[in-house]
Amino acid sequence: MAERGGRRCCLGWDFSTQQVKVVAVDAELNVFYEDSVHFDRDLLEFGTQGGVHVHEDGLTVTSPVLMWVQALDTILERMKALGFDFSQVLALSGAGQQHGSVYWKTGASQVLTNLSPDLLLHKQLQACFSIKDSPVWMDSSTTAQCRQLEAAVGGAQALSSLTGSRAYERFTGNQIAKIYQQNPEAYSHTERISLVSSFAASLFLGSYSPIDYSDGSGMNLLQIQDKVWSQACLSACAPHLEEKLGSPVPSCSVVGAISSYYVQRYGFPPGCKVVAFTGDNPASLAGMRLEEGDIAVSLGTSDTLFLWLQEPIPALEGHIFCNPVDPQHYMALLCFKNGSLMREKIRDESASCSWSDFSKALRSTEMGNGGNLGFYFDIMEITPEIIGRHRFSAENLKVSAFPGDVEVRALIEGQFMAKRIHAEGLGYRVMPKTKILATGGASHNKDILQVLADVFGAPVYVIDTANSACVGSAYRAFHGLAAGTDLPFSEVVKLAPNPQLAATPSSGASQVYEALLPQYAKLEQRILAQTRGPPE
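Residues numbered from 1 in each chain as written. Predicted model: local features only at pLDDT ≥ 70, side-chain atom pairs only at ≥ 80, totals over all residues. Heavy atoms only, no water.

With respect to the pairing of strand β3 (residues 31-38)
Rules: Whether two strands pair comes down to DSSP finding at least two bridges between them. Put simply, DSSP H or I for four residues or longer makes a helix, DSSP E for two residues or longer makes a strand, and each gets a number counted from the N terminus.
Of the strand pairs in this sheet, strand β2 (residues 19-26) and β3 are connected by 7 bridges, and their pairing is antiparallel. Of the residues in β3, the one forming a bridge with Q19 is H38. A loop of 4 residues connects β2 with β3, the two strands running antiparallel in sequence, and L29 in this loop sits at a positive phi of about 65°.

Here we look at the nonpolar core
Keep this limit in mind: We define a nonpolar core as any set of buried Ala, Val, Leu, Ile, Met, Phe, Trp, Tyr and Cys residues linked to one another through side-chain atoms lying within 4.5 Å. The buried label applies to any residue whose accessible area, calculated with a 1.4 Å probe on protein chains only, is under 20% of its type's maximum; exposed applies above 50%, and partly exposed to all values in between. Contact between two residues is taken to exist if any of their heavy atoms lie within 4.5 Å; hydrogens are not considered.
Core analysis: the largest hydrophobic core is formed by 88 residues, its most contacted members being I176, L221, L241, L245, F358, L449 and L452. Examining the composition of this core, we find that 10 residues originate from one element, helix α17 (residues 404-425), more than from any other. For L241, the residues in contact, after removing those within four places along its chain, are I176, Y187, I193, L221 and L234.

Things to note about the packing of helix α2 (residues 65-81) against helix α9 (residues 196-205)
In plain terms, the rule: The axes are straight lines fitted to the C-alpha atoms, using for helices just the contacting stretch, and the angles between their N-to-C directions are given from 0 to 180°. The scheme is simple: roughly parallel for angles under 35 degrees, roughly antiparallel for over 145, roughly perpendicular for 65 to 115, oblique for anything else. A clockwise turn of the near helix away from the far one marks a right-handed crossing, whereas an anticlockwise turn of less than a right angle marks a left-handed crossing. Charged means Asp, Glu, Lys or Arg here, nonpolar means Ala, Val, Leu, Ile, Met, Phe, Trp, Tyr, Cys or Pro, and polar covers whatever is left, Gly included.
For the pair α2 and α9, the least separation of the axes is 11 Å and the interaxial angle reads 45°. The angle between α2 and α9 falls in the class oblique. Pair α2 / α9 crosses with right-handed handedness. Between α2 and α9, the contacting residues are V65, W68, V69 and L72 on the first element and V196, F199, L203 and F204 on the second. Of the residues in the contact of α2 with α9, the class split is 8 nonpolar, no polar and no charged.

Quick notes on helix α14 (residues 280-287)
Across the 8 residues of α14, 6 count as buried, placing the element largely inside the fold. What α14 keeps buried is the set P282, A283, S284, L285, A286 and G287. Of the residues trailing α14, R289 is marked for its positive phi of about 55°.

What about the sheet that holds strand β4 (residues 53-54)?
What the 3 strands build is an open sheet, ordered β4-β5-β8; its pairing is antiparallel. With one partner strand each, in any of the chains shown, β4 and β8 (133-135) form the two edges of the open sheet. Where β4 meets strand β5 (residues 61-64), 2 bridges bridge the pair, whose relative direction is antiparallel. Paired with H53 across the bridge in β5 is T62. Across the face of the sheet, α2 comes into contact with β5 and β8 while running at roughly 45° to β5.

Notes on helix α18 (residues 446-456)
Each full turn of the α-helix corresponds to 3.6 residues, which orients residues three or four apart in the same direction. Using the following cut-off: In protein, a polar contact requires one atom able to donate a hydrogen and another able to accept it; more generally it is a pair of N or O atoms within 3.5 Å, and residues adjacent in sequence count only if both atoms are side-chain atoms.
Buried residues dominate α18, accounting for 9 of its 11 residues. Buried residues of α18: D447, I448, L449, V451, L452, A453, D454, V455 and F456, and no others. By the N-cap criterion, in which a side-chain oxygen at the helix start approaches the backbone nitrogen of a residue two or three places on, α18 is capped by N445, the distance to D447 being 2.9 Å. After α18 finishes, the residue G457 shows a positive phi value of roughly 65°.

Describing the sheet that holds strand β21 (residues 398-399)
Strand order in the open sheet formed by 3 strands is β19-β20-β21, and the pairing between neighbours is antiparallel. Every other strand in the sheet has two partners, leaving β19 (373-377) and β21 as the edge strands with one partner each. Summarising the sheet, strand β20 (residues 388-392) and β21 pair through 2 bridges and their orientation is antiparallel. Within the sheet, the bridge partner assigned to R391 lies in β21 and is V399. This element, helix α15 (residues 340-350), spans β19 and β20 of the sheet and lies at about 65° to β20. Each of β19 and β20 touches α17; the most contacted strand, β19, lies at about 75° to it.

Let's talk about the side chain of R420
Among the structural elements, R420 can be located in helix α17. Aside from chain neighbours lying at most four places away, what touches R420 is V430, V455, F456, E514 and L517.

Considerations on the side chain of N220
For N220, the position within the fold is in the loop between α10 (213-216) and β10 (222-223). The class of N220 is buried, set by a relative accessible area of 1%. Separated by 3.1 Å, the side chains of N220 and N174 make a polar contact. Ignoring any residue separated from it by four or fewer positions in sequence, one finds N220 in contact with L149, L159, T163, S165, R166, A167, Y168, F171, N174 and C233.

With respect to unusual backbone geometry
For the peptide bond that leads from T383 to P384, omega is -5°, which places it in the cis range. Inspection of the secondary structure assignment puts P384 in the loop between β19 and β20. In this structure, N220 is a non-glycine residue whose phi angle is positive, near 60°.

As for the packing of aromatic side chains
Formally: For this analysis, a ring pair means two rings from Phe, Tyr or Trp (six-membered ring only for Trp) whose centres lie within 6.5 Å, classed as stacked if their planes differ by under 30 degrees, edge-to-face if by over 60, and tilted for the remaining angles.
Counted under the stated rule, the structure contains 22 aromatic pairs. Taking 4.2 Å as the distance between ring centres and 15° as the angle between the ring planes, the aromatic pair formed by F375 and Y520 counts as stacked. Of the two residues, F375 is situated in strand β19 and Y520 in helix α21 (residues 509-532); the sequence distance between them amounts to 145 residues. Feature note: the residues W13, F32, Y33, F84, F86, F204, Y261, Y262, Y266, F268 and F277 constitute an aromatic cluster, connected by ring pairs.

Here's the deal with the pattern of salt bridges
When the charged atoms of two side chains lie near each other, side chains of opposite charge can form a pair. How we decide: The term salt bridge refers to a pairing of a side-chain nitrogen on Lys or Arg with a carboxyl oxygen on Asp or Glu at a separation within 4 Å.
Using the criterion set out here, one finds 21 salt bridges in the structure. Close ionic contact of R409 with E413 constitutes a salt bridge, the shortest N to O distance being 2.8 Å. Residue R409 and its partner E413 are both found in helix α17; the two are separated by 4 residues, about one turn of the helix. A single network of salt bridges, built from pairs that share partners, joins K345, E349, D378 and R389.

Describing the UniProt feature "domain: Carbohydrate kinase FGGY N-terminal" (unreviewed entry) in the protein chain
We apply this condition: UniProt positions are given in the numbering used here, feature names are shortened, and annotations may be inferred rather than shown by experiment.
With numbering aligned to this structure, UniProt lists the feature "domain: Carbohydrate kinase FGGY N-terminal" (unreviewed entry) at residues 136-287. Along residues 136-287 the backbone is 50% helical and 12% strand, and the end-to-end C-alpha distance reaches 23 Å.

What follows is the structure, given as structure tokens:
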């Protein structure tokens, strides 16, 4: 490892659901070191499955907070044993799984400030948490608190307009409300509440790190326009909440220098800066280097859309967060549950279980599919709330089946038209400079990407995102170092590897889909109306 000496770098951390991961990125933006600790495999004593404990009610899902601390100890000790040269680290930043919360017990800040370099962190922080098991994003036990919060501010749309999302069970404000209601004593002995991201940053700072605007947008508590806590939301959740949360800060803020603990134990330089940590989704946006007008599409078990927005329109679906790399702008997330499993089912039913036959079907059918449109939701979709398969002929009549190749194209066109319609519903607009970044399983299929390019009328690039939250965190650390110089993030990361062009829109695509999109949106509304019954 000696050759690594002398390589000035930034570290990017990711405290995710199943592991803690780190990458070191040098000044040319090359990743030259990575490591991870997998909770289930490497920290058996905590007995987690998938990094969490699912409680008996099937709704409550938590992770032991000391497991996260011990994972950090484990990685740092391993890096030290391998001879990693910490003296070259200029700055670090990180990401945390979104929405999860950590409850620091009264007196914990004293312990954080006075860490002994002779002992591991987890040995010193054992008595520092008023709640030992942190609620995480998989928790769905707070439906009652969600309804209370929406009622307190005048309904779901009012809450969304204020905070960027309607009330969601996993969002932190609702989790805090549940802890206050069910465990008021633990709540009263809590001096600080952190998100997983700001908790991890606090470990490096040796003092409480503020919550950043971007991850703070996933709490149902932050007014995303004014970047201040909403008083109405705070008081609906729990008393004295504002002082327990501290003031939020811009995501690119340097929150301080690293704690002397790391200088003495590992040899970090005393001037090493800690840049505010953020959520894993915002950090991935940074890692993918999205710019204004861009969109990232993750095509996995569920499909997720990341959008860069200037003027957001908060809705009852999707989430709008403050943008992690440009405090003037926003980002949005939209999740579609019927992703790759639905594509595999139609492949098996209509393309004889073969991706190459599936691709052939896409190539042999025309753009717009002769006006045949389909909706394929074998599990209850969340964007929009529809279940079942619904097929319509060119005359807008319901039909029970399509020929195999028509079925394949109807599925893929339908999936991408729905994505564009719902993205535009949140204020997204395709711009002349728009790039679409595709990741995940289906991004290896050029014919699927061609339909994506055609429906959106923009070029599609593929990008490797195995470590996007980690690498994005290292990029954000470099951006934090440049803060004060007003250097835009895109300038800081211009040396990073470029995504590869995979598909450009076919000629005539825009005419075809400009005509079809309004029709598809109308049909979606028609199905919704039929499944919901008359409007309330």
